[in-house]
Protein chains: 2
Amino acid sequence: MLTAPKRLLYGPGPSMVEARVYQALAQPVVGHLDPFFFEVAEAVRAGLRRVFGTSNRMTLAVSGTGTAGMEAAVANLIEPGDKVAVFVCGYFCERLADMARRHGGEVVRFEKPWGEAVSDEEARQFIMRERPRIVAFVQAETSTGLYTPGKTICDAAHEVEAIVIGDCVTSLGAMPAEVDKNGIDFAYSCTQKGLSCPPGLSPITVSGRALERIRARRRPVDSFYLDLKLLEDYYDGRKYHHTASSSLLYALREALAAIEEEGLERRWERHRRHHLELVRGFEALGMRMLVPEGRRLWNLNTPRVPQGVDEPAVRRHLLERDSIEIAGGFGPLAGKIFRVGLMGPVATAEGVRSFLDAFGRALRDAGGYTPSTASASPTTTR
Amino acid sequence: MLTAPKRLLYGPGPSMVEARVYQALAQPVVGHLDPFFFEVAEAVRAGLRRVFGTSNRMTLAVSGTGTAGMEAAVANLIEPGDKVAVFVCGYFCERLADMARRHGGEVVRFEKPWGEAVSDEEARQFIMRERPRIVAFVQAETSTGLYTPGKTICDAAHEVEAIVIGDCVTSLGAMPAEVDKNGIDFAYSCTQKGLSCPPGLSPITVSGRALERIRARRRPVDSFYLDLKLLEDYYDGRKYHHTASSSLLYALREALAAIEEEGLERRWERHRRHHLELVRGFEALGMRMLVPEGRRLWNLNTPRVPQGVDEPAVRRHLLERDSIEIAGGFGPLAGKIFRVGLMGPVATAEGVRSFLDAFGRALRDAGGYTPSTASASPTTTR
């Protein structure tokens with residue numbers, strides 16, 4: 001029998017999964033047209049509306065990972081020749097731009113160094129100048145730890161009648177996605193981060209405005225698998241499209257039930273509070289955060305790697321000695337940041353404390369770092 | 001806690017899943033770049049090569065259902081303007097043609113009524129006349145129960161230097177897919193039929209010939225999620241592409257291990273033997289099969305609905321009284337056939353016997369059928 005190691009998942013995702021969710025995952029499979037399947041699917045859709053903060057009828061879990069959700073947004077909304085404005089300040093915005101081009105979009109970019117925030121004024125001016133048909137941004141940039149709620153972007157976009165795609169892959173379930181309040185037209189996410197569920201599905205939600213745009217397309221969506229009209233016919237009309245995984249939906253149903261029992265706002269607050277503890281811990285170790293206060297993701301923390309520290313060695317040590325997974329930076333941030341997730345079951349005082357113990361030890365033993373000296377003068381470390 | 005009903009899955013899929021596979025599914029999640037993840041992924045890739053009957057290095061499980069595998073084949077192989085020859089004699093061939101058009105293919109069709117086989121001579125002549133760049137066919141047509149191994153099609157296609165896409169969604173693991181022997185260049189399947197695993201992944205295998213074609217593309221694949229080059233970089237180069245589901249890979253690893261323990265040929269033979277028993281049972285009930293002998297899928301049986309029988313009522317009765325799922329026909333076969341899967345754990349003498357008992361009862365009690373009269377003269381029933 002396959003036996004997996006029990007990792008402590010402090011990376012950018014997947015995150016820890018509670019026992020009740022694993023139990024749901026292993027419940028007996030039913031058919032993709034079974035009445036019980038649709039009962040579960042409807043419960044999932046209702047739960048997703050609540051975590052997304054939306055009343056969009058068109059809310060469902062796409063049968064693929066977060067990247068499939070991103071592609072669903074891009075493939076359904078963009079037609080060849082459409083001008084697509086993308087705010088690029090991290091890896092997943094780059095991916096959005098790449099995808100938009102693949103599906104025929106004419107991409108215009110507003111760029112910032114990875115991890116730097118676009119100001120409200122910059123966002124507005126860019127959109128007003130370019131007047132695109134579609135605007136895409138990342139609310140929770142997993143490569144940098146930057147949070148951009150999106151209200152200014154959406155307001156400006158709607159003034160020029162653009163549709164907004166918002167990446168909520170890392171925010172959903174752990175901090176406010178607030179799709180309706182922010183005005184995001186097509187939001188997508190994943191199950192394995194803020195929802196504390198195994199990976200395999202991509203929650204999406206689509207506004208009436210976006211649906212109108214999609215219904216007015218001149219040519220069919222290039223992807224059959226991700227064609228929203230066909231997904232709508234399946235979930236609303238029970239017309240076969242593909243064999244959605246009852247197992248993954250069971251798990252998501254249970255993960256959403258756990259979130260409702262805790263209370264969504266309470267869950268956000270728990271992530272915020274322990275994020276602040278974790279940041280204080282990093283600072284006590286003499287480290288500085290990449291992202292300025294107020295724009296930090298609560299559930300994905302990105303302390304800079306102190307000078308001279310062997311970053312891959314620290315991660316390897318954590319994995320091998322403590323079975324703790326964290327991630328490093330990549331692209332322009334390779335070797336420059338750690339990416340430390342604090343999601344779901346480990347977003348607790350004990351989760352922070354035990355992580356900081358192990359992390360401090362790994363920095364010292366494997367990274368060649370002397371936190372004691374550094375912590376005496378945190379602000380001058382680098 | 002979510003509790004799912006224990007269905008007896010005798011439909012076209014999903015099929016029954018063994019306890020050991022559920023146990024693997026519920027093992028702790030690990031990261032998508034964890035060494036253990038790649039250990040499992042490599043074991044899955046090796047196991048898939050054996051069930052596909054191939055030595056293709058490029059064999060892996062796409063993070064989506066069978067339809068995602070179909071789209072991976074179409075999106076990677078077809079460039080706008082490519083001539084694509086499709087053999088159309090059922091729903092999934094229609095879907096292939098639809099998808100090929102969405103991705104820019106110029107589709108030429110060879111049509112037969114649903115359930116009727118294309119002869120070797122017809123296949124050859126069509127390919128020689130059209131000289132397409134890509135040929136697509138369905139080896140195991142789930143909508144009709146027809147089996148088309150594909151050797152003649154592949155031989156002819158290769159003569160004109162076409163690449164062959166073969167749909168093995170329903171054959172893989174239950175009857176010979178034999179990708180290399182038949183000459184299929186890009187085969188795709190699913191986990192929830194012949195492999196007796198929960199749905200969520202799509203095994204694919206790609207020949208060197210097909211890879212060359214893909215590498216020589218003039219423009220990028222429109223789908224980022226299904227771009228084979230990126231999937232290759234992920235699985236061979238361990239370069240992040242998406243967060244593949246460790247849970248689903250655990251389950252597939254365990255399902256493949258169970259198949260190896262049984263022996264692939266022995267498993268095929270088990271499906272063949274009990275398929276013959278099931279067909280005898282249908283005939284004893286006075287029913288006739290849609291597909292002629294020799295071209296029938298062993299694991300998906302399609303008896304015609306006897307005249308006057310209320311087909312949906314029979315299915316509803318089976319589901320409600322016996323918790324047995326079977327399917328009906330659709331499209332031109334709506335109301336005309338039942339689709340009865342006999343896959344994995346239920347492909348046994350006891351599985352056949354208990355199904356026939358319940359099915360005979362449902363035909364009589366809900367369908368208004370008198371099998372006793374009919375079985376006296378099976379050949380004249382319709």
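None of these values were measured; they are calculated from a predicted model.

Scoring rules and cut-offs
Residues numbered from 1 in each chain as written. Chains lettered and ligands numbered in written order. Predicted model: local features only at pLDDT ≥ 70, side-chain atom pairs only at ≥ 80, totals over all residues. Heavy atoms only, no water. Helix = DSSP H or I, 4+ residues; strand = E, 2+ residues; numbered from the N terminus. Buried < 20%, exposed > 50% of the residue type's maximum accessible area, 1.4 Å probe, protein only. Lys, Arg positive; Asp, Glu negative; His and termini not counted. Charge placed at Lys NZ, Arg CZ, Asp CG, Glu CD. Contact = heavy atoms within 4.5 Å. Buried area = accessible area lost by both parts, 1.4 Å probe. Salt bridge = Lys/Arg side-chain N within 4 Å of Asp/Glu carboxyl O. Polar contact = N/O pair within 3.5 Å; in protein donor to acceptor, adjacent residues only side chain to side chain. Nonpolar A, V, L, I, M, F, W, Y, C, P; charged D, E, K, R; others polar. Phe/Tyr/Trp six-rings, centres within 6.5 Å; stacked < 30°, edge-to-face > 60°. Core = buried A, V, L, I, M, F, W, Y, C linked by side-chain atoms within 4.5 Å. Pairing = 2+ DSSP bridges. Right-handed = clockwise from strand over helix to strand, strands pointing away. Arc of directions from axis to C-beta. Axes fitted to C-alpha atoms, helices over the stretch in contact; angles between N-to-C directions. Least-squares fit on C-alpha atoms with pLDDT ≥ 70 in both.

*Asks:* An account of the overall build of chain A is needed here, citing residue identities and associated values.
*Replies:* When its secondary structure is counted, chain A shows 14 helices and 14 strands. For chain A, the spread of C-alpha atoms along the three principal axes comes to 65 × 55 × 35 Å. Counting over 382 residues, chain A shows a buried share of 67%. With 49 positive and 47 negative side-chain charges, chain A shows a separation of 2 Å between the mean positions of the two kinds.

*Asks:* Describe in detail the interface of chain B and chain A, supporting the description with residues and values.
*Replies:* In this complex, chain B contributes 66 residues to the contact, which on the side of chain A involves 66 residues. With both chains or domains summed, chain B and chain A bury close to 5400 Å², and 63% of this area falls on carbon and sulfur atoms. When the area that chain B buries against chain A is broken down by residue, the three leading residues are Leu2(B), Arg102(B) and Phe224(B), summing to 15%. At the boundary of chain B with chain A, the tally comes to four salt bridges. Linking chain B with chain A are 30 residue pairs in polar contact (both at pLDDT 80 or more). Those elements that provide at least two residues to the side of chain B that touches chain A are helix 1 (19-25), helix 2 (35-52), helix 3 (66-77), helix 4 (91-102) and helix 10 (246-262) of chain B. A breakdown of the residues in the side of chain B that touches chain A according to their chemical character gives 33 nonpolar, 20 polar and 13 charged.

*Asks:* So what about unusual backbone geometry? Which residues, and what values?
*Replies:* Residues and elements named next belong to chain A. Put simply, Gly-13 and Pro-14 share a cis peptide bond, and its omega is 5°. Residue position: Pro-14 is located in the loop between strand 1 (8-9) and helix 1 (19-25). In the Ramachandran plot, Ser-196 falls in the positive-phi region, its phi being about 55° despite a non-glycine side chain. With respect to the element layout, Ser-196 can be found in the loop between strand 9 (186-188) and strand 10 (202-206). The class of Ser-196 is buried, set by a relative accessible area of 6%.

*Asks:* Outline the packing of aromatic side chains, listing residues and values.
*Replies:* Here the structure, examined in full by the defined rule, presents 34 aromatic pairs over all chains. Ring centres of Phe92(A) and Tyr240(B) lie 6.0 Å apart, and the angle between their planes is 70°; this geometry places the pair in the edge-to-face category. With Phe92(A) in helix 4 (residues 91-102) and Tyr240(B) in the loop between helix 9 (228-235) and helix 10, this pair bridges two chains. Joined through ring pairs, the aromatic side chains of Tyr10(A), Phe282(A), Phe338(A), Phe355(A) and Phe359(A) make up one cluster.

*Asks:* Describe the pattern of salt bridges, naming the residues involved and giving the relevant values.
*Replies:* Going through the model one piece at a time under the given rule, you end up with 62 salt bridges over all chains. The partner of Glu130(B) in a salt bridge is Lys83(B), with the nearest N and O atoms 2.7 Å apart. Taken as a pair, Glu130(B) in helix 5 (residues 120-130) and Lys83(B) in strand 3 (residues 83-88) lie far apart in primary sequence, 47 residues in all. Given the relative accessible area of 29%, Lys83(B) is considered partly exposed. Overlapping salt bridges bring together Glu42(A), Arg45(A), Arg57(A) and Asp236(A) as one network.

*Asks:* Which residues make up the nonpolar core, and what values go with them?
*Replies:* Across soluble globular proteins, nonpolar side chains show a tendency to be buried alongside one another. One finds Phe359(A) and Phe359(B) to be the most contacted residues of the largest nonpolar core, which totals 278 residues. If sequence neighbours within four positions are ignored, Phe359(A) has contacts with Phe282(A), Leu285(A), Met287(A), Val314(A), Leu318(A), Ile326(A) and Phe338(A).

*Asks:* If you had to explain the pairing of strand 8 (residues 163-167) of chain B to someone new, which residues and values would you point to?
*Replies:* Residues and elements named next belong to chain B. Counting buried positions along strand 8 yields five of five residues, so the element is predominantly enclosed. By the alternation rule, side chains of strand 8 split into Ile-163, Ile-165 and Asp-167 and Val-164 and Gly-166, which are all buried. Sheet topology places strand 5 (residues 134-138) next to strand 8; five bridges connect them, and they run parallel. The partner of Val-138 across the bridge, within strand 8, is Asp-167. The sheet contact formed by strand 8 and strand 9 (residues 186-188) spans three bridges and is parallel.

*Asks:* How would you sum up the side chain of Glu178(A)? Please name residues and give values.
*Replies:* All names here are of chain A. Tracing the backbone through its elements, the reader meets Glu-178 in the loop between strand 8 (163-167) and helix 7 (179-182). The buried category is assigned to Glu-178, whose relative accessible area is 16%. Dropping the residues within four chain positions of it, Glu-178 is found in contact with Phe-52, Gly-53 and Trp-268.

*Asks:* Please provide a residue-by-residue account of the pairing of strand 4 (residues 106-111) of chain A, values included.
*Replies:* Taken residue by residue, a regular strand's side chains alternate between the two faces of the sheet. All names here are of chain A. Summarising the sheet, strand 3 (residues 83-88) and strand 4 pair through six bridges and their orientation is parallel. What sits directly across from Ala-85, in strand 4, is Val-108. Between strand 3 and its parallel partner strand 4, the chain crosses via helix 4, and the hand of that crossover is right-handed.

*Asks:* Describe the sheet that holds strand 14 (residues 338-341) of chain A, listing the residues and the values that go with them.
*Replies:* All names here are of chain A. Taken in spatial order, the three strands of this open sheet run 11-14-13, and their pairing is antiparallel. The sheet terminates laterally at strand 11 (300-301) and strand 13 (327-328), the two strands that pair on one side only. Bridging between strand 13 and strand 14 involves two bridges; their strand directions are antiparallel. By the bridge assignment, Ala-327 is partnered in strand 14 with Arg-339.

*Asks:* Which residues make up helix 5 (residues 120-130) of chain A, and what values go with them?
*Replies:* Given 3.6 residues per helical turn, the α-helix brings residues three or four places apart onto the same face. All names here are of chain A. The complete set of buried residues in helix 5 reads Ala-123, Phe-126, Ile-127 and Glu-130. Each buried residue of helix 5 sits inside an arc of 95° when the element is viewed along its axis, so together they form one side. Among the structural elements, strand 3, strand 4, strand 5 (134-138) and helix 6 (151-159) are those in contact with the buried residues of helix 5. Once helix 5 ends, the next one or two residues include Arg-131, with phi positive near 45°.

*Asks:* A description of the sheet that holds strand 5 of chain B should follow, citing residues and the corresponding values.
*Replies:* All names here are of chain B. Taken in spatial order, the seven strands of this open sheet run 2-10-9-8-5-3-4, and their pairing is mixed. Of all the strands in the sheet, the pair left with one neighbour each is strand 2 (59-62) and strand 4 (106-111). Across the sheet, the axes of successive neighbouring strands diverge by a mean angle of 20°, strand direction being ignored. Here helix 3 sits on the sheet and contacts strand 2, strand 5, strand 8, strand 9 and strand 10 (202-206); the angle it forms with strand 9, its principal contact strand, is near 165°.

*Asks:* Which residues make up the environment of Leu252(B), and what values do they have?
*Replies:* Residues and elements named next belong to chain B. Within the element layout of this structure, Leu-252 appears in helix 10. For Leu-252, a relative accessible area of 0% translates into the label buried. When the C-alpha atoms of Leu-252 and Ala-313 are compared, they prove to be 35 Å apart, with 61 residues separating the residues in sequence. When near neighbours in sequence (up to four residues on either side) are disregarded, Leu-252 contacts Val-44, Ala-61, Thr-191, Leu-195, Cys-197 and Leu-201.

*Asks:* For the environment of Val44(B), give the residues involved together with the corresponding values.
*Replies:* Residue and element names in this part refer to chain B. You can see Val-44 is positioned in helix 2. As a C-alpha pair, Val-44 and Ala-68 span 24 residues in sequence and 18 Å in three-dimensional space. Excluding residues that lie within four positions of it along the chain, Val-44 makes contacts with Leu-249, Leu-252, Arg-253 and Leu-256.

*Asks:* Explain the environment of Asp310(B) residue by residue, including any values.
*Replies:* Residue and element names in this part refer to chain B. Within the secondary structure, Asp-310 sits in the loop between strand 11 (300-301) and helix 12 (311-322). Separated by 297 residues in the primary sequence, Asp-310 and Gly-13 place their C-alpha atoms 23 Å from one another. The contact partners of Asp-310, leaving out residues within four places of it in the chain, are Ala-366 and Gly-367.

*Asks:* Explain the relation of the copies chain B and chain A to me, and be specific about the residues and the numbers.
*Replies:* Superposing the two chain copies requires a rotation about an axis and a translation along that axis. In screw terms, the move from chain B to chain A is a rotation of 180° and a rise of 0.0 Å along the axis, fitting with an RMSD of 0.0 Å. Both copies of the chain, as the preceding transformation shows, are related through a two-fold rotation axis. Taking C-alpha positions as reference, the residue of chain B nearest the rotation axis is Gly64(B), located at 2.5 Å.

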